[in-house]
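# Notes for the structure review
The chain contents come next:
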Amino acid sequence: MSKLWGGRFTKQTDKLVEEYTASIQFDQNLVHEDIEGSIAHVSMLEACQIITKEEKEKIVNGLAAVQKKVDKGEVEYSVENEDIHMNIEKLLLDEIGTVGGKLHTGRSRNDQVATDFHLYVRKQTENMIELLTEVQRSIVIQAEAHTDTIMPGYTHLQRAQPVLFAHHLLAYFWMFERDKQRYEDSLKRVNWSPLGAGALAGTTFPIDREYTKEALEFTQIYPNSMDAVSDRDFAVEFLSISSLVMTHISRISEELVNWSSQEFQFIELDDAFCTGSSIMPQKKNPDVPELLRGKTGRVYGNLVGLLTVLKGLPLAYNKDMQEDKEGVFDTVKTLDGGLRLLAPMLKTMQVHTDNMYKAVAHDYSNATDIADYLAVKGLPFREAHEVIGKIVLYAIQKDQFLLDLTLDEYKQFNPLFEEDIFEKLDPKHVVKARNSAGGTGHKQVEKQLQMAKDLLS
């Protein structure tokens, strides 16, 4: 089969070269975007009187017919036609004859593929925003149900201070909110139109780039044709933001794995999101959060891969840039599936509130409040800190907790202690007292929860 670009060549392409350089195996993911861009382009050609109205209608109808065949799964793509653009053009020629060859007037595959990729990344960016919103809804549902549930807060994975479980969960709400904002901001750069830039230098045809920009709902055209066909910053940015989303998914997954263990027993994941063991019948393994945590690495790898492809490329287009898509497609598949699993997994998990409270009642996470207690009574905080350190050591040596000690024992360390120290040490009071902006106190968490709900509404 002769190539659509084969006029200058005297030999057929080596079979191995065809197979190695073809991208149709993966860039067929851009089929809808390719047809959408082609319809906008051919409509512009007719508006600029470069082709006739009849030719335009025939091409548009032909593209619509190809689209129907694609949707029905009736299309077989050919490696000989290299990529999605040449495959669609060949299908169009088969559908409507030689007039289909006018589709490529005033356009190169370089600006065509860049346009397709912009359209695809925009669609997937909007999709990720929607999926992140569903995860946030699940977080809010659980947080709203646990505004009175107290759990240990951790630093260095050591119990630090009691916090509300709602407060802990909402930390992830705000991580995902920033991710959404990053995606939304990136749309400013995704929505640049490269269509009409040609191979690298523009075209001699009197095209109207503003027309295709409007038709494809872009916000501006690339001012420089060389930049238009060689820019993949928008794809790097998508992978970068997606990598950060995976970081946040991995962090909350780590919590779910820990909390569902026998050692913590803070939560139980729904059976639908766990698996068993082939040899140990008692096991209920949190495979979904473990795999979410594990798949983070492949998304990071896709980001580093694209950065490496781009780092040494001279202007303008180079065949290396064919390597820009597979990592993006893989990231979309990985992240889309992960977010679709995370939302219902969070929504359906059971929370063992008694176990959480038991944990804060049997530790030393209320120690900071004794230091605050003495500081309020006039003792410099650093001195108070040293006093409390000694009290904690004393309690540990006696195998007791701070609420187990008597007032006389407290007074051995400092005469400022009074009977009200025991009220201050109650975990409920410890949480309630932290009413500074953004703190874990009930009023602040309720305010934070309302802010989250307002954002979702």
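Parameters at a glance
- Residues numbered from 1 in each chain as written.
- Predicted model: local features only at pLDDT ≥ 70, side-chain atom pairs only at ≥ 80, totals over all residues.
- Heavy atoms only, no water.
- Helix = DSSP H or I, 4+ residues; strand = E, 2+ residues; numbered from the N terminus.
- Buried < 20%, exposed > 50% of the residue type's maximum accessible area, 1.4 Å probe, protein only.
- Contact = heavy atoms within 4.5 Å.
- Areas by Shrake-Rupley, 256 points an atom, 1.4 Å probe, with all protein chains shown as cover.
- Lys, Arg positive; Asp, Glu negative; His and termini not counted.
- Charge placed at Lys NZ, Arg CZ, Asp CG, Glu CD.
- Pairing = 2+ DSSP bridges.
- Axes fitted to C-alpha atoms, helices over the stretch in contact; angles between N-to-C directions.
- Parallel < 35°, antiparallel > 145°, perpendicular 65-115°, else oblique.
- Left-handed = near helix turned anticlockwise from the far one by under 90°.
- Polar contact = N/O pair within 3.5 Å; in protein donor to acceptor, adjacent residues only side chain to side chain.
- Expected span 1.5 Å × (residues − 1).
- Arc of directions from axis to C-beta.
- Core = buried A, V, L, I, M, F, W, Y, C linked by side-chain atoms within 4.5 Å.
- Patch = residues over 30% accessible without salt bridge, like charges linked within 9 Å, V, L, I, M, F, W, Y side chains within 5 Å.
- Salt bridge = Lys/Arg side-chain N within 4 Å of Asp/Glu carboxyl O.
- Phe/Tyr/Trp six-rings, centres within 6.5 Å; stacked < 30°, edge-to-face > 60°.
- Lys NZ or Arg CZ within 6 Å of the ring centre and 35° of its normal.

### Section: the overall build of the chain
The secondary structure content of the chain amounts to 19 helices and 6 strands. With respect to the principal axes defined by its C-alpha atoms, the chain has extents near 100 × 55 × 40 Å. Relative to its full complement of 457 residues, the chain shows a buried share of 49%. Pairs at least 24 apart in sequence give 75% of the contacts found in the chain among residues at least 6 apart. Of the roughly 22,400 Å² of accessible surface on the chain, a fraction of 51% belongs to carbon and sulfur atoms. Computing the positive centroid from 51 side-chain charges and the negative centroid from 70, the chain places the two 1 Å apart.

### Structural notes on the pairing of strand S2 (residues 158-164)
Summarising the sheet, strand S1 (residues 150-155) and S2 pair through 6 bridges and their orientation is antiparallel. Its bridge partner lying in S2, Met151 is registered against Val163. The turn joining S1 and S2, which pair antiparallel and follow one another in sequence, is formed by 2 residues; a positive phi near 60° is taken by His156.

### A closer look at the packing of helix H6 (residues 109-145) against helix H10 (residues 233-259)
For the pair H6 and H10, the least separation of the axes is 10 Å and the interaxial angle reads 20°. When the interaxial angle is binned, H6 and H10 end up roughly parallel. Crossing of H6 over H10 shows left-handed handedness. Facing H6, whose interface residues are Ala114, Phe117, His118, Val121, Gln124, Thr125, Met128 and Leu132, H10 presents Phe234, Ala235, Phe238 and Val245.

### Notes on the side chain of Asn318
With respect to the element layout, Asn318 can be found in the loop between helix H11 (287-310) and helix H12 (326-348). Here the side chain of Asn318 touches Ala316 through a polar contact of 3.3 Å, landing on its backbone oxygen.

### Focus on helix H4 (residues 53-71)
Count 3.6 residues to each turn of an α-helix, and residues three or four apart come out pointing the same way. Taking 1.5 Å as the rise per residue, H4 with 19 residues should run 27 Å; its terminal C-alpha atoms sit 27 Å apart, in good agreement. Those residues of H4 that sit buried are Glu55, Ile59, Val60, Gly62, Leu63, Val66, Gln67 and Val70. What you see down the axis of H4 is that its buried residues fit within an arc of 160°, all on one side. Those residues of H4 that are exposed and angled more than 90 degrees off the buried face are Glu54, Asn61, Lys68 and Asp71. Buried positions along H4 lie against helix H3 (31-47) and helix H5 (84-96).

### Topic: the nonpolar core
Residues Ile139, Tyr183, Ile249, Ile267, Leu339 and Leu342 are the most contacted members of the largest nonpolar core, which totals 94 residues. Broken down by element, the residue count for this core peaks at 12 residues, all from H10. When residues no more than four places from it in sequence are discounted, the contact partners of Ile249 are Phe176, Leu292, Leu335, Leu339 and Leu342. Ile391, Val392, Tyr410 and Ile421 belong to the second largest nonpolar core, which has 21 residues in total.

### What about a negative patch on the surface?
Residues Glu36, Glu126, Glu130 and Glu217 make up a contiguous surface patch of negative charge. Counting through the fold element by element, Glu36 comes out in helix H3.

### A word on the pattern of salt bridges
Think of it this way: side chains of opposite charge can pair up when their charged atoms draw near. One pass over the structure, following the stated rule, counts 26 salt bridges. Across the pair Lys102 and Glu55 runs a salt bridge whose closest N-O atoms are separated by 2.5 Å. A residue pair is termed long-range when its members are at least 10 positions apart, and Lys102 in the loop between H5 and H6 and Glu55 in helix H4 qualify at 47 residues. For Lys102, a relative accessible area of 34% gives the class partly exposed. Its relative accessible area of 16% is what places Glu55 among the buried residues. In this structure, the salt-bridge partner of Asp271 is Lys284, at a minimum N-O distance of 2.7 Å.

### So, the packing of aromatic side chains
Counted by the stated rule, this structure contains 13 aromatic pairs. Ring geometry for Phe117 and Phe234: centres 5.6 Å apart, planes at 70°, overall edge-to-face. Of this pair, Phe117 sits in helix H6 while Phe234 is found in helix H10, placing the two residues 117 residues apart along the sequence. We note that Phe117, like Phe234, is buried. An angle of 50° between the planes, with centres 5.0 Å apart, marks the rings of Tyr410 and Phe417 as tilted. The exposure classification of Tyr410 matches that of Phe417, with both residues buried. Members of the aromatic cluster, connected to one another through ring pairs, are Tyr373, Tyr410, Phe417 and Phe422. One Lys or Arg, Arg122, reaches over the ring of Phe218 and ends 5.1 Å from the middle of that ring. Its end group placed over the ring of Phe117, Lys325 keeps NZ or CZ at 5.7 Å from the ring centre.

### Here's the deal with unusual backbone geometry
When glycine is set aside, most residues are seen to have a negative phi, and most peptide bonds are trans. Cis peptide bonds are those with omega within 30 degrees of zero, and the linkage from Leu315 to Ala316 qualifies with 5°. Note on placement: Ala316 falls in the loop between H11 and H12. Positive phi is not limited to glycine here, since Gln49 has a value of about 60°. Locating Gln49 in the fold gives a position in the loop between H3 and H4. Phi at Leu157 takes a positive value of approximately 60°, unusual for a residue other than glycine. Position of Leu157 relative to the elements: it lies in the loop between S1 and S2.

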